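# Structure at a glance
These are the residues of each chain, in order.
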Amino acid sequence: MPINIDEDNLKHGVLGLVIALVEIIKDAINLQAMKRMEGGSLSEAEMERLGEALMDLDIAIDEIKKEQGVTESVKSVRDGLDSIVDDVLDKMINPDRWRKEAEEKGL
Amino acid sequence: MAEARYLYCIAGGQEGLTLGNIGIEGNNVYSIAYKDLFAIVHNCPAEPYKSEDKEKVKLWLATHAHVVDTVWESFGTVLPLGFDTIIKGEEGISPDQSMKLWLMNDYDNLKRKLAKLDGKAEFGVQILWDPKIISENLVEMNPEIKKLGEEIKSKSKGLAYMYKQKLENLLKKELEKEAENNFNNFYAQIKACVEEIKVEKTKKSEENKQMLINLSCLLIKGTSRILGEELEKINNIKGFSVRFTGPWPPYSFV
């Protein structure tokens, strides 16, 4: 995957990557929170606090993205990661594809 | 030095042909015959056409398609080959001989395929939907989701956030079920109007649209009206849109 690096877009790129990862971790936390909520192991007060904290996190991330102008950058990192995962899954479901690619590369 | 032959397509018939300099990079396109099959080629070096320049590659692809189209229009039936199919000369054999050997080795298969594709054309069908519109419908139709939406309005900030997440997850699941149902229904609907059908990978589409289904369909030339009518029905459903392209030479069914 060729990456064009210069000083400006290096900072930009690194920040985009970091925020994309923060978002992915936040999604994982959300998932856990939902599980706890569905599982009934949270009191109403706990759910309220959790909900508020997650909401604040959401807002903070959005603000950082706007201030730093990396909203597009973050989206494209996540889209890129999505398609890599898609690709790997596709090959697991369809091992013929691995084989074909390996053959084309002369392996 | 021209050590290989760039192969555009295979056609059947007794007379050879020359198409002139309509090939990639202005090369002369002509035919090499074996019995009653011939390969449409141009002379090229023994390596694939590669370039970093996207515009150049686009031009090459368009030229390839144009040559195949021209042959298709003249002969009615072709076996189109993909871009960059190149037959090399072997040790001690001329590239022309290599091409004939290639035709000879696969003769029965090629004849069979040509017969199968005779008088048929390929059409592309893509059905897209607007997830927002469909989601709105689902919320209306689904009492559980609708109730949840109402409840959220009366909750405190934090709780509202949590319940909103729950709603979005439910909605996502319903959307996925809708997508699967629609896929199966449309597939069956379309399959009934075509000779042969192939499922292709869906592609990323514009911002507010999602591609549900991407199909290559083989039809007898001139019979696309029924398919067109079915697709029109689907296009008229709120939130759905259809892209119907063709006729093309039958690239996907070779």
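Remember, predicted model here, so these are calculated numbers, not experimental data.

## Remarks on the overall build of chain A
The secondary structure content of chain A amounts to four helices and zero strands. If you list the helices and strands of chain A from N to C, you get α-α-α-α. In terms of overall dimensions, chain A is more spread out than a globule: its C-alpha atoms have a radius of gyration of 19 Å, far above the 13 Å expected for 107 residues. Oriented by its inertia axes, the alpha-carbon framework of chain A measures out at about 60 × 40 × 15 Å. Relative to its full complement of 107 residues, chain A shows a buried share of 9%. In chain A, the proportion of contacts linking residues at least 24 apart, taken out of those at least 6 apart, comes to 70%.

## Here we look at the pairing of strand β4 (residues 37-44) of chain B
Residue and element names in this part refer to chain B. Along β4, seven of the eight residues are buried, which leaves the element largely enclosed by surrounding structure. Bridge count between strand β1 (residues 4-12) and β4: eight bridges; the pairing is antiparallel. Its bridge partner being in β4, Ala11 is matched across the sheet by Phe38. Pairing between strand β3 (residues 29-34) and β4: five bridges, direction antiparallel. Across the sheet, residue Ile32 finds its bridge partner in β4, namely Ala39. What sits between the antiparallel neighbours β3 and β4 is a turn of two residues, in which Lys35 has the positive phi angle 50°.

## So, the domain arrangement of chain B
All names here are of chain B. You can read the domains of chain B as domain 1 (4-117) and domain 2 (121-253). Measuring from the centre of the C-alpha atoms in domain 1 to the corresponding centre in domain 2 gives 38 Å. Taken together, the contact between domain 1 and domain 2 spans seven residues of the former and four residues of the latter. Those elements giving two or more residues to the side of domain 1 that touches domain 2 turn out to be α1 (54-75) and β5 (78-80). Looking at which element gives the most residues to the side of domain 1 that touches domain 2, the answer is α1, with three residues. Residue composition of the side of domain 1 that touches domain 2, by class: five nonpolar, one polar and one charged.

## Let's talk about the packing of helix α2 (residues 44-68) of chain A against helix α6 (residues 157-191) of chain B
Packed helix pairs are characterised by how far apart their axes lie and by the angle those axes make with each other. The geometry of α2(A) relative to α6(B) is characterised by a closest axis approach of 7 Å and an angle of 75° between their N-to-C directions. Judged by the inter-axis angle, α2(A) sits roughly perpendicular to α6(B). Counting all contacts with α2(A), which are made through A:Met47, A:Glu48, A:Arg49, A:Leu50, A:Gly51, A:Glu52, A:Leu54 and A:Met55, the residues of α6(B) involved are B:Lys157, B:Gly158, B:Leu159, B:Tyr161 and B:Met162.

## Remarks on the nonpolar core
Residues and elements named next belong to chain B. Counting 26 residues, the largest nonpolar core has Cys9, Ile10, Ala39, Ile40 and Val41 as its most contacted members. Among the secondary structure elements, those contributing two or more residues to this core are β1, β3, β4, α1, β5 and α3 (107-117). With seven residues, the top contributor of residues to this core is β1. Sequence-distant contacts of Ile10, defined by excluding residues within four places in its chain, comprise Leu37, Ala39, Val78, Leu79 and Leu110. The next biggest cluster of nonpolar side chains, apart from the first, holds 15 residues, and it includes Phe123, Phe186, Leu219 and Leu231.

## Examining the interface of chain A and chain B
Interfaces are often described in size by the accessible area the parts lose on coming together. Opposite the 12 residues of chain A that make contact, chain B presents nine residues. Residue contributions to the side of chain A that touches chain B peak at eight residues, all from α2(A). Considering only residue class, the side of chain A that touches chain B consists of seven nonpolar, two polar and three charged.

## A word on the sheet that holds strand β7 (residues 120-129) of chain B
All names here are of chain B. Overall, antiparallel pairing links the four strands, which are arranged β8-β9-β7-β10 in an open sheet. Every interior strand has two partners, whereas the edge strands, β8 (196-200) and β10 (240-248), have only one. Across this sheet, the average inter-strand angle for adjacent strands is 20°, counted without regard to direction. Two strands pair when backbone bridges link them, and β8 and strand β9 (residues 210-220) are joined in this way by five bridges, in the antiparallel orientation. Residue Val199 lies in a different strand from β9, and its bridge partner there is Leu215.

## Let's talk about the confidence of the model for chain B
When pLDDT is averaged across chain B, the result is 90; 99% of the residues are at 70 or more. We note a pTM of 0.77 for the whole complex and an ipTM of 0.73 for its interfaces.

## Some remarks on unusual backbone geometry
Residue and element names in this part refer to chain B. Going from Gly246 to Pro247, the amide bond is cis rather than trans, its omega being 0°. Considering the arrangement of structural elements, one finds Pro247 in strand β10. One non-glycine residue with positive phi stands out, namely Glu25, at about 60°. Inspection of the secondary structure assignment puts Glu25 in the loop between β2 (18-20) and β3.

## What about the packing of helix α4 (residues 131-141) of chain B against helix α5 (residues 143-153) of chain B?
Residues and elements named next belong to chain B. For the pair α4 and α5, interaxial distance at closest approach is 5 Å and the crossing angle is 95°. Between α4 and α5, the angle falls in the class roughly perpendicular. Taken together, the residues of α5 that come into contact with α4 (itself represented by Leu138, Val139 and Glu140) are Ile145, Lys146 and Gly149. Its residues assigned to classes, the contact of α4 with α5 shows three nonpolar, one polar and two charged.

Criteria and thresholds
- In this convention, every chain numbers its residues from 1, walking through the sequence in written order.
- Each chain takes a letter, starting from A, and each ligand takes a number, starting from 1, following the order in which they are written.
- Two thresholds apply to this predicted model, a pLDDT of at least 70 for residue-level local features and 80 or more for giving and counting side-chain atom pairs, whereas whole-chain, interface and lining totals are computed over all residues.
- In this description a helix means any DSSP run of H or I spanning at least four residues, a strand means any run of E spanning at least two, and both kinds are numbered starting from the N terminus.
- As a reference, a globule follows 2.2 Å times the number of residues to the power 0.38, and the radius of gyration itself is taken over C-alpha atoms.
- Here the C-beta atoms are placed from the backbone, and a residue counts as buried if at least 20 other C-beta atoms lie within 10 Å of its own, exposed if 12 or fewer do, and partly exposed otherwise.
- What counts as a contact here is a pair of residues whose C-beta atoms, placed from the backbone, lie within 7 Å.
- Note on pairing: DSSP must find at least two bridges between two strands before they are called paired.
- Domain start and stop positions are those given by an automatic or database domain assignment.
- Residues are grouped as follows: Ala, Val, Leu, Ile, Met, Phe, Trp, Tyr, Cys and Pro are nonpolar; Asp, Glu, Lys and Arg are charged; every other residue, Gly included, is polar.
- Between N-to-C directions, angles span 0 to 180 degrees; the directions come from axes that are lines fitted to C-alpha atoms, helices contributing only their stretch in contact.
- Here the word oblique covers every angle except those under 35 degrees (roughly parallel), over 145 (roughly antiparallel) and from 65 to 115 (roughly perpendicular).
- To define a nonpolar core, we join buried Ala, Val, Leu, Ile, Met, Phe, Trp, Tyr and Cys residues through C-beta atoms within 7 Å and take the resulting set.
- Note on scores: pLDDT gives the predictor's confidence for each residue, bounded by 0 and 100.

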